[in-house]
Amino acid sequence: MNTQTDTFKGSSPVMRDTLYLIPARGGSKGVPGKNIRPLAGLPLISHTIRHAIKAGANIEDIVVSTDSEEIRKVAETEGISFPFMRPAELAGDKTGSYEVIIHALDEMKRMGREYQKVILLQPTSPLRSADDIVLAAKLWTPEIDMVVGVRPARTNPYYNAFEVDSEGMLHISKGDGLFTRRQDAPEVWEYNGAIYVMGVRSLRRSPLSGFRKIIPYPMPEERSIDIDSPIDFVLAETIIEKTRP
């Protein structure tokens, strides 16, 4: 196995700016082998690795966190080395992103590298661009917990999202329900899963659910597709073909 371990042996901790972390476990119930399934002629994960490189990441600061030898081999063809593999206990369906991030930070620290921030790039968002990564990163400061990629929410709690009250009746989720046009309601966002820029101090202090200082990085629908099913591959491939120069 090609690793970076020898590079770090005996060295004092070095502070680096950004760890580009790509989480890609081997198991996938919806689409088996999803992270290495071809999309527009490339394995899915290769799109994200190339985005990070094009965004200016040093290759030694790109870490693919995986438990899969198949994913490791694909990533190595893109020039990625592996200082560690993800342990099986962090590769289950119920493992959260936070545990994976902390594991990666701890492993890199053990090998002599610490980071100011982490940019988490999920391979299931292949239509983000390198420019998206660069621009989102520019929004982050040490005073901010996280910058996160967002898209306009499909459902607006001021307009067409409803709750059931104690009497079993529907009522608007937020506000007084007097908006008659969606465009008049306050703008709301949802995470698109494409980019997370997080301060390491914030991560060491609390899980993502405890973050309070969060800045949105708005992205259009066509770059916010999250690959979760076979039809998502078809949609993403169609968009790539339509937008390819």
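These numbers were taken from a predicted model, which means no experiment stands behind them.

Trainee: What am I meant to see in the pattern of salt bridges here?
Mentor: Here the idea is simple: oppositely charged side chains can pair when their charged atoms come close. Scanning the model with the defined rule gives 17 salt bridges in all. Here aspartate 145 makes a salt bridge to arginine 205, at a shortest N to O gap of 3.2 Å. Placement of the pair is aspartate 145 in the loop between helix H5 (130-139) and strand E6 (146-152) and arginine 205 in helix H6 (residues 200-205), with a sequence separation of 60 residues. For aspartate 145, a relative accessible area of 7% gives the class buried.

Trainee: Would you mind going over helix H2 (residues 44-54) with me for this structure?
Mentor: For the α-helix, the turn length of 3.6 residues means that residues three or four positions removed from each other point alike. Summarising burial for H2: eight of the 11 residues are buried, a large majority. Within the span of H2, buried status applies to Leu44, Ile45, Ser46, His47, Thr48, Ile49, His51 and Ala52. A positive backbone phi angle near 105° is found at glycine 56, which sits one or two residues after H2.

Trainee: Help me understand the pairing of strand E1 (residues 14-23) in this model?
Mentor: Two faces belong to every sheet, and in a regular strand the side chains alternate between them. In this structure, E1 lies alongside strand E5 (residues 113-120), joined through seven bridges in parallel fashion. In the strand pairing of E5, arginine 16 is matched with tyrosine 115.

Trainee: I'm lost on the environment of glutamate 187 in this one. Help?
Mentor: Position of glutamate 187 among the secondary structure elements: in the loop between strand E8 (170-172) and strand E9 (189-199). Relative accessible area serves as the criterion here: at 59%, glutamate 187 is assigned to the exposed category. For the pair formed by glutamate 187 and arginine 205, sequence separation is 18 residues and the distance between their alpha carbons is 30 Å.

Reading the values: the criteria
Residues numbered from 1 in each chain as written. Predicted model: local features only at pLDDT ≥ 70, side-chain atom pairs only at ≥ 80, totals over all residues. Heavy atoms only, no water. Salt bridge = Lys/Arg side-chain N within 4 Å of Asp/Glu carboxyl O. Helix = DSSP H or I, 4+ residues; strand = E, 2+ residues; numbered from the N terminus. Buried < 20%, exposed > 50% of the residue type's maximum accessible area, 1.4 Å probe, protein only. Pairing = 2+ DSSP bridges.

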